[in-house]
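# Descriptive analysis of the structure
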Amino acid sequence: MNEREPKNDIKLDDNCRNSDENSVIIQDHKIKLDENCRVFDMKNDEKCRNLDVNSVIIHDNLFNNDEICRNNNMKDDNCRNNKIRFDEKRRKYDKKCLEEQKDNLLQGIKDYAKENFIPIVREDTAKRLAVVCRDYSPNKILEIGTAIGYSGIIMLKNCSAHLFTIEKEGERASLAEENFKSYNFSDRVTQFVDDAQIVIEKMCNSGEKFDLIFLDGPKGQYVKYYPYLKKLLAKGGVLFCDNINLLGYVKQEGKIPHKHRSMVNNLRKFIEILQNDSDFETEFYDIDDGYSISKKVF
Ligand SMILES: C[S@@+](CC[C@H](N)C(=O)[O-])C[C@H]1O[C@@H](n2cnc3c(N)ncnc32)[C@H](O)[C@@H]1O
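These figures come from a predicted structure and were not determined experimentally. (Residues numbered from 1 in each chain as written. Predicted model: local features only at pLDDT ≥ 70, side-chain atom pairs only at ≥ 80, totals over all residues.)

## A look at the site of the ligand
Here is the rule: Using a C-beta atom placed from the backbone, a residue is scored as near a molecule or strand whenever that atom is within 6 Å of it. The numbering of helices and of strands both runs from the N terminus, where a helix is a DSSP run of H or I of at least 4 residues and a strand a run of E of at least 2.
Around the ligand sit 17 residues in total, of which Val121, Gly145, Tyr150, Ser151 and Ala196 are the nearest. For the shell around the ligand, the secondary-structure elements that each account for two or more residues are α3 (150-157) and β8 (162-167).

Dropping the structure here:
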């Protein structure tokens, strides 16, 4: 038998599930598997593209077929869930491939930010943010300061939450939109291109609640945002604030350069508020540019 000849034609049940182990259905298209269970024939459309004989792209996600693991079936609902039942070995294999591919993309975003002087979360802080997302599994995240989506992508990669993110600079927000799209995260993100104060006030008025708030916007405004963010955070939720040391100036004794002075004073007030608010359990970290993690206990 020619290796590239279909072993079987597929038959569909009413739920668009394949009726045998030799094929899968993706967005109503037949994908035939060869005798080694590799995908080798598929009809193309914008969202479902044939990548090569060993893999397919489904809504921009890469799924590789290796020789030992079988593709069983894919749920319908126009593939939106991208849920494919794999055996355990297959699942691990796909996850690894997917992460390798996406990490290259993330590095590209990081490089772009550096080349264009766009401030983004530093490495160890980003790692901690990822851990917080994994540990708390938030359903709803609010981010102040989208920039080009770097930290947003890190959070989305590490939990299944929906991200609401605010950025006042349109050009950065557009780049973030593109970057979220590259990760197929568009459905999980709501972007606001506006001043954060305006957005959070509106959110408070409509009674919104979030499980995680990542505060990474204008440093001089943290104090002003604080009562709104506290109201927006659900009980048990986490407030993660970046850059609370502001290049070391916050802890520095003596004269602070004029251009940083009001920001530093505001950050000092903010830290004092956090330390004294018994509704929060707060830890401060002298890592990177300094960050705090506060759990809302009441
Ligand atoms: C440190 S950057 C955010 C980095 C991003 N969180 C990341 O790690 O990828 C801060 C962002 O806040 C935005 N920003 C500053 N003032 C703002 C305001 N008043 N409202 C909304 N966004 C603001 C800036 O344009 C900037 O892109």
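There is more to say, and it comes next.
## Focus on the confidence of the model for the protein chain
For the record, the criterion: pLDDT gives the predictor's per-residue confidence on a scale running from 0 to 100. Distance between backbone-placed C-beta atoms decides contact: two residues are in contact if it is within 7 Å.
Looking at the protein chain as a whole, its pLDDT mean stands at 77, while 66% of the residues score no less than 70. Segment residues 25-29: pLDDT under 50, and 21 contacts once partners within four positions in sequence are set aside and those in other chains are kept. Note that pLDDT drops below 50 for residues 32-94; the model gives that stretch 114 contacts with residues more than four away or on any other chain.

## Let's talk about the pairing of strand β10 (residues 210-215)
Quick reminder of the rule: The exposure scheme places C-beta atoms from the backbone and then counts, for each residue, the other C-beta atoms within 10 Å of its own, assigning buried at 20 or more, exposed at 12 or fewer, and partly exposed in between. A strand pair is defined by DSSP finding two or more bridges across the two strands. The crossover handedness rule: strands pointing away from the viewer, path from first strand over the helix to second strand clockwise, crossover right-handed.
Counted residue by residue, β10 has six buried out of six residues, so it is predominantly covered. With five bridges connecting them, β10 and strand β11 (residues 233-242) associate as parallel partners. For Ile213, the partnering residue across the bridge sits in β11 and is Leu239. Assessed by its sense of winding, the connection that carries the chain from β10 through helix α6 (residues 222-232) to β11 is right-handed.

## Observations concerning the packing of α6 against helix α7 (residues 258-276)
A pair of packed helices is characterised by two quantities: the angle between their axes and the separation of those axes. Rules: Geometry is summarised by axes, namely lines fitted to C-alpha atoms with helices restricted to the contacting stretch, and by angles between N-to-C directions that run from 0 to 180 degrees. When residues are sorted by character, Ala, Val, Leu, Ile, Met, Phe, Trp, Tyr, Cys and Pro go into the nonpolar class, Asp, Glu, Lys and Arg into the charged class, and all the rest, Gly among them, into the polar class.
α7 packs onto α6 with a crossing angle of 30 degrees between their chain directions and a minimal axis gap of 8 Å. Residues Tyr222, Val223 and Tyr226 of α6 form the contact with α7, whose own contacting residues are Asn266, Leu267, Lys269, Phe270 and Ile273. Class assignment of the residues belonging to the contact of α6 with α7 gives a composition of six nonpolar, one polar and one charged.

## Comments concerning α7
Since the α-helix turns once every 3.6 residues, residues separated by three or four places project in the same direction. Heads up, the condition is: Helices are assigned an expected span. That span is 1.5 Å times one less than the residue count.
The end-to-end C-alpha distance of α7, which contains 19 residues, comes to 28 Å, matching closely the 27 Å that a straight helix rising 1.5 Å per residue would cover. Residues of α7 that are buried include every one of Met263, Val264, Leu267, Phe270 and Ile271, and no others. Buried-residue contacts for α7 involve α6.

## Quick notes on unusual backbone geometry
In this structure, Phe117 takes a positive phi of about 55 degrees despite not being glycine. Looking at the element boundaries, Phe117 is found in the loop between α1 (88-115) and α2 (123-136). Phi at Leu247 is positive, roughly 55 degrees, even though this residue is not glycine. By the element assignment, Leu247 lies in the loop between β11 and α7. Classification of Leu247 by C-beta neighbours within 10 Å gives partly exposed; the count is 13.

## Some words on the environment of Tyr285
Along the chain, Tyr285 falls in strand β12 (residues 280-285). The exposure class of Tyr285 is partly exposed, given the 14 C-beta atoms found within 10 Å. When the C-alpha positions of Tyr285 and Asn245 are compared, they lie 9.3 Å apart, and in sequence the two are 40 residues distant. Discounting residues that sit within four places of it in the chain, Tyr285 has contacts with Gly290, Tyr291 and Ser292.

## Description of the pairing of strand β9 (residues 189-193)
Working note: regular strand, side chains alternate between the two faces of the sheet. Here β8 pairs with β9 via five bridges, running parallel. Residue pairing for β9: Thr165 is matched across the bridge by Gln191.

## With respect to the environment of Phe270
If you trace the backbone, Phe270 turns up in helix α7. As for Phe270 and Lys219, which are separated by 51 residues in sequence, their C-alpha atoms are 9.8 Å apart. For Phe270, the residues in contact, after removing those within four places along its chain, are Tyr222, Val223 and Tyr226.

## Description of the sheet that holds β12
Strand order in the open sheet made by the seven strands is β9-β8-β7-β10-β11-β13-β12, with mixed pairing throughout. Each having just a single partner strand, β9 and β12 make up the two edges of the open sheet. For this sheet, the mean inter-axis angle between neighbouring strands, taken without regard to orientation, is 15 degrees. Against the sheet, helix α4 (residues 170-182) contacts β8 and β9, and its axis sits at roughly 170 degrees relative to β9.

## Topic: the nonpolar core
Formally: Core membership is restricted to buried Ala, Val, Leu, Ile, Met, Phe, Trp, Tyr and Cys residues, and these are joined into a nonpolar core through C-beta atoms within 7 Å.
Within the largest apolar cluster, 52 residues are counted, with the highest numbers of intra-cluster contacts made by Met155, Ile213, Leu215, Phe240 and Leu267. Apart from the residues within four sequence positions on either side, Leu215 is in contact with Ile144, Tyr222, Tyr225, Leu229, Leu239, Phe240, Cys241 and Asp242.

## A short note on α6
Note the cut-off: This arc is built from the directions going out from the helix axis to the C-beta atoms.
Inspection of α6 places Tyr222, Tyr225, Leu229 and Leu232 among the buried residues, and these make up the whole buried set. Projected onto a plane normal to the axis of α6, the buried residues spread over an arc of 70 degrees and lie on a single side. Among the structural elements, β7 (140-144), α5 (196-205), β10, β11 and α7 are those in contact with the buried residues of α6.

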